[in-house]
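# Observations on chain architecture
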Amino acid sequence: MKILITGGAGFIGSNLADYLVSKGYSVRVVDDLSFGSVDNLKDLIQEKNFEFIKGDLRDPEIANNSVKGIDIVYHLAANPEVRISSQSPSSLYELNVYLTYNILEAMRKNNVKVLAFASSSTVYGEAKKIPTPEDYGPLEPISVYGGAKLASEALISSYSHTFKLNSVSFRLANVIGKRSNHGVIHDFIEKLKKDKTRLEILGDGTQSKSYIHVSDVIEGMHYLLNKNLEKNIIYDVYNIGSDDQVTVMDIAKIIIEKMGLNPKIYLTGGVDGGRGWIGDVKYMLLSIEKAKSIGWRPKLNSYEAVKRAVDEALNS
Ligand code: NAD
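In this section: the pattern of salt bridges. Under the criterion given, the structure shown has 21 salt bridges. Across the pair E51 and K2 runs a salt bridge, and its minimum N-O distance is 3.0 Å. Taken together, the positions of E51 in strand β3 (residues 50–54) and K2 in strand β1 (residues 2–6) put the pair 49 residues apart, joining distant regions of the chain. Residue E51 is classed as partly exposed on the basis of its relative accessible area, which comes to 28%. Notably, a salt bridge pairs E126 with R275, separated by 2.9 Å at the nearest N-O pair. With E126 in the loop between β5 (114–120) and α4 (144–163) and R275 in the loop between β13 (264–267) and β14 (283–284), the pair connects residues that are 149 residues apart, well separated along the chain. For E126, a relative accessible area of 38% puts it in the partly exposed group. Judged by its relative accessible area of 12%, R275 falls in the buried class.

Next comes the structure, spelled out in C-alpha cells:
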C-alpha cells in the first residue's frame, strides 16, 4: 500500500508520515517547502519505505507525477494561515482551492481512488449550534480560508461521485503539538522569547476554542478513513476535535507558568467585538459524536493537549 502525503514536510503532514511509516506503509511526501521543512522529515529520509519529492503542486505536471503508483492520497498541502484571509485571498484560492483541483485531476488521470482531505472547523463560520455537528447548515464561512476549504470539500465530493472515488473531508479543530509552526501557542512562545517582560494578545482574550493534539488527529484520520473504506462510502465528512474548549487567555497563562515568567499582558482588543483578526471565529466547539459512534475518540482533551503542546514546543 503506497500513500502520498501532500504537504508532508509541514506540521501535521510530517507527524502523519512518521506514523504511517512506523505502521509499515510505503510513504511519498511531496512538498515545496514554502511553509514546511525537510528537518521535519529527518528521521525518515533514510527509511527504504520513504520518498521525498520537492515540488510545487500548483504545477499540474508535478501533481501528476506525485500521484503515480499511489493507492491513498492524504491531501494536506495548503496555506494554513486563516489570518491572511483579508490580506491575501488570492494565495488562499491558489493554494487551498486550485491546488486541490490539481490533485483531483491528477488522481482522475492516474486512476487513484482514495483521498483524505484536511479541511477545517472554519467551514462552519459562526455556527449557532455548539457543539457543531457535521450536518449543521447552512455553512457560512467568515474567513476566505474557511471559504476555500469549503470549496475544496465541494470539489472533492463532486469528483468522488462523478469519478467513483472514496473520499473523506476531515474538519479539524485547532491542531497543536510537536513541530507546530503557526497558531496561538507558537506565537505566544516566540513573542515571549523575544521579550520576557510583555505579551501582546490579539483580541480580547475571551476567544474560546477546541484544541486537539496532532497525535489524536493522525490516529483519527487513519482510523476513520479505513472504517469508511471497509464500507465503500463514496464521500463523507468527520469533525475531528475534542470535547472541551480553552480560552486564549488560559493558553497565555499556561505558557507563562511553564516558562516561569511574569510578563505584563496587553490585550489589543481586536476587531469586530474582540476577535483576534478579521475572520477569527470567537467560539468553536465541534461535535465529535459521529466519529465516536464509529469508535474513535481523542486521548487528550483541549487542556491536556495545550499543556503537552507547550512542553513539546519549549523542549524542541
Ligand atoms: P503546514 O504549513 O505546516 O503544512 C502545509 C504544508 O503544505 C507545508 O509544508 C507547505 O510547505 C506545503 N505546501 C504549501 N503550498 C504548497 C505547494 N504549492 N506545493 C507543495 N506543498 C505546498 O500546516 P499544517 O498546520 O500542518 O496544516 C496541514 C493541513 O491541515 C492544511 O491543509 C491546513 O489548512 C489543515 N488544517 C490545519 C489546522 C491546524 O490547526 N494546524 C486546522 C485545520 C486544518
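With that out of the way, let us pick up the side chain of S14. Relative to the helices and strands, S14 is located in helix α1 (residues 11–22). Judged by its relative accessible area of 0%, S14 is buried. With residues up to four places along the chain from it excluded, the contact list for S14 reads G8, A9, N40, L41 and R179.

With that settled, consider α4. Between the first and last C-alpha of α4 there are 28 Å, a value that for 20 residues agrees with the 28 Å anticipated at 1.5 Å per step. Turning to α4, its buried residues are Y145, G146, A148, K149, S152, E153, I156, Y159 and S160. Mapping the buried residues of α4 onto a view down its axis gives an arc of 160°, with all of them on the same face. Its buried side turned inward, α4 meets α3 (89–110), β5, β6 (166–172) and β11 (235–240).

This part covers the sheet that holds strand β12 (residues 246–247). In space, the three strands of this open sheet follow the order β12-β9-β14, with mixed pairing throughout. The open sheet has two edge strands with one neighbour each: β12 and β14. In terms of strand pairing, strand β9 (residues 208–209) meets β14 through two bridges, oriented parallel. Of the residues in β14, the one forming a bridge with K209 is M284.

What follows covers the environment of I288. Its location among the elements puts I288 in the loop between β14 and α8 (289–294). Expressed as a C-alpha distance, the spacing of I288 and G241, which sit 47 residues apart in the sequence, is 6.5 Å. The residues contacting I288, other than those within four sequence positions of it, are N239, I240, G241, S242, D243 and P298.

The next subject is the domain arrangement of the protein chain. Interfaces are frequently sized by the accessible area removed from exposure as the parts join. According to the domain assignment, the protein chain contains domain 1 (2–175 + 212–240) and domain 2 (177–209 + 243–283 + 300–314). Each of domain 1 and domain 2 has a C-alpha centre, and the two are 26 Å apart. Facing 23 residues of domain 1, the contacting portion of domain 2 comprises 21 residues. Summed over both partners, the interface of domain 1 with domain 2 buries about 1900 Å², with 49% contributed by carbon and sulfur atoms. Broken down residue by residue, the surface that domain 1 buries against domain 2 is led by F11, R83 and H213, which jointly contribute 34%. Inspection of the domain 1/domain 2 interface yields three salt bridges. Across the contact surface, domain 1 and domain 2 share eight residue pairs in polar contact (both at pLDDT 80 or more). When residues of the side of domain 1 that touches domain 2 are assigned to their parent elements, the largest contribution, four residues, is made by α1. Here the residues of the side of domain 1 that touches domain 2 sort into eight nonpolar, nine polar and six charged.

Thresholds, definitions, all that
Residue positions within a chain follow its written sequence, with the count starting from 1. Per-residue local features are limited, in this predicted model, to residues with pLDDT of at least 70; the limit for side-chain atom pairs, both in listing and counting, is 80 or more; totals at the level of whole chains, interfaces and linings are taken over all residues. As a convention, hydrogens and water are excluded, and side-chain values are obtained from all of the structure's heavy atoms. For salt bridges, the criterion is a side-chain nitrogen of Lys or Arg within 4 Å of an Asp or Glu carboxyl oxygen. Numbering goes from the N terminus for both helices and strands, where a helix is a DSSP run of H or I of at least four residues and a strand is a run of E of at least two. Three exposure classes are used, based on accessible area relative to the maximum for each residue type with a 1.4 Å probe and protein chains only: buried under 20%, partly exposed in between, and exposed over 50%. Contacts were defined at the residue level, with two residues in contact if any of their heavy atoms lie within 4.5 Å. Expected span of a helix, by definition, is 1.5 Å for each gap between consecutive residues, and there is one gap fewer than residues. Comment: arc refers to directions from the helix axis out to C-beta atoms. Note on pairing: two strands pair once DSSP finds at least 2 bridges between them. All domain edges in this entry derive from an automatic or database-based domain assignment. Two parts placed together each lose some accessible area; with a 1.4 Å probe, that loss summed over both constitutes the buried area. Between N or O atoms, a polar contact is any pair within 3.5 Å; within protein, one atom must be a potential hydrogen donor and the other a potential acceptor, and residues adjacent in sequence are included only when both atoms are from side chains. We call Asp, Glu, Lys and Arg charged. Ala, Val, Leu, Ile, Met, Phe, Trp, Tyr, Cys and Pro are nonpolar, and the rest, Gly among them, are polar.

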